[in-house]
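As a plain string of letters, each chain reads:
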Amino acid sequence: MTDLPDALCPRGRLSRLSLSGVGLALLTTAAFTPVQCTAQQRAQAALQPTSGIAARWDFSSAPQGFALEQISRSHDPIVGISRPTMSPVGSALQMDGYTTAIRHTSLEPLARANDVSISCWLQLEAYPWNEVPILDQDNPDRGVFFGVDAEGHLIASLTAKTELRKLRTVAALPLRQWTLVTMTVSRDRQIALYIGGQSIGGYTVAQEAVAPAVSTSEPGSNQASDILIGHVRKPLLPGPPSMIHPQLPVEYSLQGSLGDLTVYDHALTAENVRVLVAAGDSLLLKKTLWPTFPRWQTAAGEFGAFYTTLKFDPVWDQTRRIAPDSDVVVRFPNASIQLVFWQGTNYVPAWVTENNRWYSDEFIEVYGHPRCPDGEDCEPMSDKQVRYSHVRILETTPARAVIHWRYAISEVERYGIADAPTPTAWGDWADEYWTVYPDGVAIRRQVLWSTAPERDKTEFQESIVLIPAGETPEDSIHFDALRFANLQGDAHTYSWHPKTDRGLSLPKGPEHFTEPADAVIQWVNLKSTWRPFQVAWGAPVKFAAYNGEPSISTFEWWNHWPVAQIPSSGRPALAADRPGHTSLSHIYWPISEQDDQHIGRILMTGLTTLEATQLAPLAASWRTPAQADVTDSASIRYDAAQRAYVLSGAMPETLTITVHGSKQSPVVDPTFVLPGWQGKASVSVKSGSSDQPIEVKLGYVEELEQAKLIAFLSIASDHDVTITIHSHK
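Anyway, here's the lowdown on the structure attached to this text. (Residues numbered from 1 in each chain as written. Predicted model: local features only at pLDDT ≥ 70, side-chain atom pairs only at ≥ 80, totals over all residues. Heavy atoms only, no water.)

1. Concerning the overall build of the protein
Here comes step 1: Looking only at helices and strands, the protein has six helices and 50 strands in total.
Here comes step 2: Looking at the protein as a whole, 58% of its 729 residues are labelled buried.
Here comes step 3: Taking the contacts inside the protein whose residues are at least 6 apart along the sequence as the reference set, 69% of them involve residues at least 24 apart.
Here comes step 4: Total accessible area on the protein stands at roughly 28900 Å², and carbon and sulfur atoms take up 51% of it. (Helix = DSSP H or I, 4+ residues; strand = E, 2+ residues; numbered from the N terminus. Buried < 20%, exposed > 50% of the residue type's maximum accessible area, 1.4 Å probe, protein only. Contact = heavy atoms within 4.5 Å. Areas by Shrake-Rupley, 256 points an atom, 1.4 Å probe, with all protein chains shown as cover.)

Set out below in structure tokens:
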């Protein structure tokens, strides 16, 4: 049997295929194994539209920075960030969603705008921020647009001098799955759209008058009558435009991959389209996995903080201009939980549960005129390129870790800093010190550097759950999402009503949190074994509901953060296609320190397997700590900002500390900090409450002029606890 030429024979199957957590591994055309055509394949090939091709782009030269248009032999530069990949029929190009673009000279069949077709293999990783072209030929007389809208509908439009015809599919395109998409225009200028081999019903936008074409700044060119592939011609407001803040148009590209992009000088038949679909290799038609939020490992490990590089998605990682080991992770010994400072969240700290649910207590934020330059939100969430945000490890020992996170409170468009009326003014900056202990509890000391008259009204906390791509808030959060408790053992649970309608509408969550009286504990009901909690310091403490913004979920849900690079501080999620976040509440509590340059607050936060009411002893041990006595010449005080008893004075070779625990002031996992300690130490502990074994973790921190001993004890007691520390020089 004589083989058909490769261009006519349906492709062979892939000889190898690799799938990973971030999708398809990079493949080359060598992965395709030539096969002899069967009789059935020869019959299918006879129906393939191999003639009448006006243009076809080959992406095998993408590593060299261009796409080869096979008919004209034009080397079309690939602008922006991209990666070569494979489609079901050969080479393909993965676009980054922001910068990637290809340009080609205009084609006569498209300028004719009838009896023409466009088809390509498309794998969307996320729906675009607004409409984006697969292929767009802009012409003042006759233009053709073939693309995707913000909700994943395939769209096509024909523009003439005085009218616009537009068709939009009812069905949305699948995500993370290769699909052949096709647009055909008949001789009488009727549009048909295909998703896979099926002609998809749609609705037609009413014919509209069209304003004269205006030349705009475009990626790689100022011409307005050429072909643009995969990138918007001018910045657009993300959809839905009425709900975006600030009202900033953004530039972006298709986020996904294109393969075998072809323009035909005739209208393809339905049979032609089905044959094109059949030519795709079935192994590559399977859905790829969503990228997950990165964590160091899935298992528990030795306690401590360390620098690392967390990988998320190859194309997104490729865009970063940050040195290796720029992320910080704190891991814990008894569970696979972590505290993560990752550049994908702009270093906003996140607690990570055993099953990779992410929770954050937000950051310091100001908003509105005149404090924020654009009148919207000034916050580290807006620092998309982490120009101001930086994280470093100050201390890590078996007893505790101390992480310092510093950031400017900036707006999203020009990186202007809050409360900075002139370019040389300092404006508002923040230092956060996270003192983290092996029991999964941290004290967050927030310092706002500001001289603004209203600095005490600045927001310090928001309860945020981060939602991974491919999931909804309902996948991470139980409907009875929040529970509040006081130190007397009273608690109350607040629930959100499950959403039943489709589209954007106001969630039906609680309006106020009024019970129980004197609540100081918040417990967040994630779908995990370990759950986030917070304990506020001081009095009075107020918990406020987050509500009032339309959402497609039971909970408010946005996707302008994390990971996203568009200049936006408010964009509601329209699908489960991108990483996003939801907010549940705010906590307001007293200032713990201040002078004419700064104010500060402290908050206990962490992960727990206990119920809300069971956290009362831990909360009381910090809010109303037990009194402690020390022998010899040393003195002792409790520092709530460290959750530690701090000693001062001369340190003898043997030191005895007695902590007077009680029901009102229990002793729960206390820590002792001994500056000026010399040599190694051994510790013995006696407690009148039980004979339970008491684990002691010791840490030694070398400072410029002296060493510091840190002792962490795993104990819970409402009786006296005596600790004896011996020095071994």
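2. Quick look at the environment of Val 436
Here comes step 1: Position of Val 436 among the secondary structure elements: in strand β29 (residues 429-436).
Here comes step 2: With 170 residues separating them along the chain, Val 436 and Gly 606 place their C-alpha atoms 8.8 Å apart.
Here comes step 3: In this structure Val 436 touches Phe 303, Val 330, Phe 332, Leu 339, Trp 351, Arg 400, Ala 401, Val 441 and Ala 442, once residues within four positions along its chain are discounted.

3. Section: helix α3 (residues 270-278)
Here comes step 1: Taken residue by residue, α3 has Asn 272, Val 273, Val 275 and Leu 276 as its buried positions. Looking straight down α3, one finds that the buried residues subtend no more than 160° of arc, so they occupy a single side. (Arc of directions from axis to C-beta.)

4. Regarding the nonpolar core
Here comes step 1: Phe 341, Trp 342, Trp 351 and Ile 403 are the most contacted members of the largest nonpolar core, which totals 93 residues.
Here comes step 2: For Ile 403, the residues in contact, after removing those within four places along its chain, are Ala 305, Val 328, Val 330, Phe 341, Val 391, Arg 392, Ile 393, Glu 432, Tyr 433 and Trp 434.
Here comes step 3: Counting residues in hydrophobic clusters, the runner-up holds 52 residues, among them Ala 113, Val 144, Leu 175 and Leu 261. (Core = buried A, V, L, I, M, F, W, Y, C linked by side-chain atoms within 4.5 Å.)

5. A look at the pairing of strand β42 (residues 644-648)
Here comes step 1: Burial runs high along β42: four of the five residues are buried.
Here comes step 2: Looking at chain direction, strand β41 (residues 635-639) and β42 are connected through five bridges and run antiparallel. In the strand pairing of β42, Arg 637 is matched with Val 646.
Here comes step 3: Connecting β41 to the next strand, β42, in antiparallel fashion are four residues, including Arg 643 with a positive phi near 55°.
Here comes step 4: The pairing of β42 with strand β45 (residues 671-675) spans two bridges and is classified as parallel. (Pairing = 2+ DSSP bridges.)

6. Looking at empty space enclosed by the protein
Here comes step 1: The final tally for this structure, using the stated rule, is three cavities of 30 Å³ or more.
Here comes step 2: In this structure, the largest cavity encloses a volume near 260 Å³.
Here comes step 3: Along the wall of the largest cavity there are 23 residues; nearest its centre are Gln 255, Phe 312, Trp 316, Val 563 and Pro 579.
Here comes step 4: Secondary structure elements with two or more residues in the lining of the largest cavity: β7 (90-96) and α4 (314-319).
Here comes step 5: By residue class, the composition of the lining of the largest cavity is 14 nonpolar, three polar and six charged.
Here comes step 6: If you trace the second largest cavity, you find 14 residues lining it, with Ser 621, Tyr 638, Tyr 645, Val 668 and Pro 670 closest to the centre. (1 Å grid on protein atoms, 1.4 Å probe; cavity = no way out; pocket = protein on both sides within 12 Å on 5 of 7 lines; lining within 4 Å. Points joined across faces, edges and corners; volume = space filled by probe spheres on them. Nonpolar A, V, L, I, M, F, W, Y, C, P; charged D, E, K, R; others polar.)

7. With respect to the sheet that holds strand β43 (residues 654-660)
Here comes step 1: The antiparallel open sheet is built from four strands, whose spatial order is β40-β43-β50-β46. A single partner strand is all that each edge strand has here, and the edge strands are β40 (627-630) and β46 (680-687). Sheet twist, expressed as the mean angle between neighbouring strand axes with direction ignored, is 20°.
Here comes step 2: In the sheet, β46 pairs with strand β50 (residues 720-728) via eight bridges, with the strands oriented antiparallel. Residue Val 685 lies in a different strand from β50, and its bridge partner there is Ile 723. (Axes fitted to C-alpha atoms, helices over the stretch in contact; angles between N-to-C directions.)

8. Points about the packing of aromatic side chains
Here comes step 1: What the rule picks out here adds up to 22 aromatic pairs.
Here comes step 2: Taken together, a centroid distance of 5.1 Å and an interplanar angle of 70° make the contact between Trp 296 and Phe 306 edge-to-face. One end of the pair, Trp 296, is in the loop between α3 and β20 (304-308); the other, Phe 306, is in strand β20, and 10 residues separate them in sequence.
Here comes step 3: Residue Trp 296 is classed as partly exposed on the basis of its relative accessible area of 30%.
Here comes step 4: For the ring pair Phe 484 and Phe 513, a centre distance of 4.8 Å and an interplane angle of 45° mean the geometry is tilted. (Phe/Tyr/Trp six-rings, centres within 6.5 Å; stacked < 30°, edge-to-face > 60°.)

9. Structural notes on unusual backbone geometry
Peptide bonds are, in most cases, trans, and in most cases residues other than glycine have a negative phi.
Here comes step 1: Residue Pro 516 is bonded to the preceding Glu 515 through a cis peptide linkage, with omega at -10°.
Here comes step 2: By the secondary structure assignment, Pro 516 is in the loop between β33 (491-494) and β34 (521-526).
Here comes step 3: With omega at 0°, the peptide bond leading from Ala 539 into Pro 540 counts as cis.
Here comes step 4: A positive phi angle is found at Asn 356, which is not glycine, with a value near 70°.
Here comes step 5: Tracing the sequence through the fold places Asn 356 in the loop between β23 (350-352) and β24 (358-360).
Here comes step 6: For Val 563, which is not glycine, the phi dihedral falls at a positive 70°.
Here comes step 7: Relative to the elements of secondary structure, Val 563 occurs in the loop between β36 (542-545) and β37 (580-588).
Here comes step 8: Judged by relative accessible area, Val 563 falls into the buried class, the value being 8%.

10. Digging into the environment of Tyr 407
Here comes step 1: Summarising the element assignment, Tyr 407 is placed in strand β28 (residues 401-408).
Here comes step 2: With 43 residues separating them along the chain, Tyr 407 and Ile 364 place their C-alpha atoms 9.4 Å apart.
Here comes step 3: Not counting residues up to four positions away in its chain, the partners in contact with Tyr 407 are Phe 363, Ile 364, Pro 380, Tyr 388, Ser 389, Trp 429, Ala 430 and Glu 432.
Here comes step 4: Within the local environment of Tyr 407, its side chain forms a polar contact with the side chain of Glu 432, the two groups lying 2.7 Å apart. (Polar contact = N/O pair within 3.5 Å; in protein donor to acceptor, adjacent residues only side chain to side chain.)

11. Notes on the state of the cysteines
Here comes step 1: Per the counting criterion, the structure on display carries one disulfide.
Here comes step 2: The disulfide bridge from Cys 372 ends at Cys 378, spanning 2.2 Å between sulfur atoms. Disulfide Cys 372-Cys 378: the torsion about the S-S bond is 85°, which places it as right-handed. Taken as a pair, Cys 372 and Cys 378 share a single burial class, namely buried. (Disulfide = S-S within 2.5 Å.)

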